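Given next are the chains, with one letter for each unit.
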Amino acid sequence: GDSVTQMEGPVTLSEEAFLTINCTYTATGYPSLFWYVQYPGEGLQLLLKATKADDKGSNKGFEATYRKETTSFHLEKGSVQVSDSAVYFCALISGGSNYKLTFGKGTLLTVNP
Amino acid sequence: DAGVTQSPTHLIKTRGQQVTLRCSPISGHKSVSWYQQVLGQGPQFIFQYYEKEERGRGNFPDRFSARQFPNYSSELNVNALLLGDSALYLCASSVTGTSGLRDGELFFGEGSRLTVL
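Quick notes on the rules
Residues numbered from 1 in each chain as written. Chains lettered and ligands numbered in written order. Predicted model: local features only at pLDDT ≥ 70, side-chain atom pairs only at ≥ 80, totals over all residues. Heavy atoms only, no water. Helix = DSSP H or I, 4+ residues; strand = E, 2+ residues; numbered from the N terminus. Rg over C-alpha atoms; globule rule 2.2 N^0.38 Å. Buried < 20%, exposed > 50% of the residue type's maximum accessible area, 1.4 Å probe, protein only. Areas by Shrake-Rupley, 256 points an atom, 1.4 Å probe, with all protein chains shown as cover. Lys, Arg positive; Asp, Glu negative; His and termini not counted. Charge placed at Lys NZ, Arg CZ, Asp CG, Glu CD. Core = buried A, V, L, I, M, F, W, Y, C linked by side-chain atoms within 4.5 Å. Contact = heavy atoms within 4.5 Å. Buried area = accessible area lost by both parts, 1.4 Å probe. Polar contact = N/O pair within 3.5 Å; in protein donor to acceptor, adjacent residues only side chain to side chain. Salt bridge = Lys/Arg side-chain N within 4 Å of Asp/Glu carboxyl O. Pairing = 2+ DSSP bridges. Axes fitted to C-alpha atoms, helices over the stretch in contact; angles between N-to-C directions.

Visitor: Sorry, what's going on with the overall build of chain B here?
Guide: Assigned secondary structure in chain B consists of zero helices and eleven strands. Listing the helices and strands of chain B from first to last along the sequence gives β-β-β-β-β-β-β-β-β-β-β. Its C-alpha atoms give chain B a radius of gyration of 13 Å, within 12% of the compact-globule value 13 Å for 117 residues. Each principal axis of the C-alpha distribution contributes one length, and for chain B these read about 40 × 25 × 25 Å. Residues classed as buried in chain B amount to 50% of the 117 residues present. Total accessible area on chain B stands at roughly 5600 Å², and carbon and sulfur atoms take up 49% of it. Distance from the positive charge centre (11 side chains) to the negative charge centre (10 side chains) of chain B: 7 Å.

Structure representation (structure tokens):
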């Protein structure tokens, strides 16, 4: 079945540091890949997406590239801010189960001033 | 425009009781999905409904059931509550059941936090 494995947290960084959160996946067919973010006290929000191989999703300074050869979708940001503190979830929708998202366990990011 | 709304936001039940959670989708959205998020884990898919019909079901026991009403709102019912049912229950809506999901068109509510004692 489909699965998503993402870097265990928590991750603690200083403001303006570089961020990488690793994500790898197993899926049937050619999945669409997503990063969702959950800020404290808020619902899940779509951060960025990529629907085919070599696509790069980007939003709010975050980027992730769909790598079919390594089945990866790592999240990066060049300079994090305190306001980026949240839980980040990697997720996919596959052709075999196109009615549901499969999520990773989430990575808690804390950015200190 | 109003987003996905869920009620209640918090509730406490005891083992063996039953609970009903409610969800109103974004206006114009015809599909509602339910997810369970246990503390420290990612959301797990429970159900999807589209046009009042169940279109997908996750790996949850029969104690979990749901329905969608003509106005596209939805209820999730859980019977015979167990301690392990304590979680944040998320509702998400989309315009269609599948074709839009691959483009990320799934919008989540803030959830109903259920505590089972």
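Visitor: Help me understand the nonpolar core in this model?
Guide: As a rule of thumb, soluble globular proteins bury nonpolar side chains together. Ranked by size, the top nonpolar core spans 26 residues in total, and within it Leu19, Trp35, Leu47, Leu48, Phe73, Leu75 and Tyr88 of chain A carry the most contacts. Taken together, the elements giving at least two residues each to this core come down to strand S2 (11-14), strand S3 (19-21), strand S4 (23-26), strand S5 (32-38), strand S6 (44-50), strand S8 (62-65), strand S10 (86-94) and strand S12 (107-112) of chain A. Apart from residues no more than four positions distant in its own chain, leucine 48 of chain A is found in contact with Leu33, Phe34, Trp35, Gly57, Ser58, Asn59, Phe62, Glu63, Ala64, Phe73 and Leu75 of chain A. Core analysis: the next-biggest nonpolar cluster, separate from the first, contains 22 residues, Val32, Trp34, Phe60 and Ala87 of chain B among them.

Visitor: Which parts of the structure should I look at to understand the interface of chain A and chain B?
Guide: Often, the extent of an interface is quoted as the loss of accessible area on bringing the components together. On the chain B side, the residues contacting the 24 residues of chain A number 24 residues. Summing the contributions of chain A and of chain B, the shared interface buries around 1800 Å²; its carbon and sulfur component is 54%. For the pair chain A and chain B, the interface holds two residue pairs in polar contact (both at pLDDT 80 or more). Every element with two or more residues in the side of chain A that touches chain B is listed here: S5, S6, S10 and strand S11 (97-103) of chain A. A total of five residues in the side of chain A that touches chain B trace back to one element, the largest contributor, which is S11 of chain A.

Visitor: Looking at this structure, how should I read the pattern of salt bridges?
Guide: Note on pairing: side chains with opposite charge can pair once their charged atoms come close. All names here are of chain A. Tallying each qualifying case throughout the model produces eight salt bridges over all chains. The salt bridge partner of aspartate 84 is lysine 77, with a shortest N-O separation of 2.8 Å. For the residue pair aspartate 84 and lysine 77, the accessibility class agrees, reading buried in each case.

Visitor: Even after reading the chapter, I still don't get the sheet that holds strand S3 (residues 19-24) of chain B, so can you show me in this structure?
Guide: Strand-to-strand pairing in sheets goes through backbone hydrogen bonds, with the strands running parallel or antiparallel. Residues and elements named next belong to chain B. Judged by pairing direction, the sheet is antiparallel, and its four strands sit side by side in the order S1-S3-S8-S7 without closing on themselves. A strand with exactly one partner marks an edge of an open sheet, and here the two such strands are strand S1 (5-7) and strand S7 (64-68). Looking at each pair of strands side by side, their axes are set apart by 15° on average, direction ignored. Judged from the five bridges that link them, S7 and strand S8 (residues 74-78) form a sheet pairing that is antiparallel. Residue pairing for S8: phenylalanine 64 is matched across the bridge by valine 78.

Visitor: What am I meant to see in the pairing of S10 of chain A here?
Guide: Put simply, side chains in a regular strand alternate between the two faces of the sheet. Residue and element names in this part refer to chain A. Within S10, eight of the nine residues are buried, which leaves the element mostly enclosed by the surrounding structure. When S5 meets S10, the two strands line up antiparallel, connected through seven bridges. Paired with tryptophan 35 across the bridge in S10 is cysteine 90. Pairing analysis gives three bridges linking S10 to S12, with the strands arranged antiparallel. Paired with tyrosine 88 across the two strands is threonine 107, which belongs to S12. The pairing of S10 with S11 spans three bridges and is antiparallel. Its bridge partner being in S11, alanine 91 is matched across the sheet by phenylalanine 103.

These figures capture arrangement, not role.
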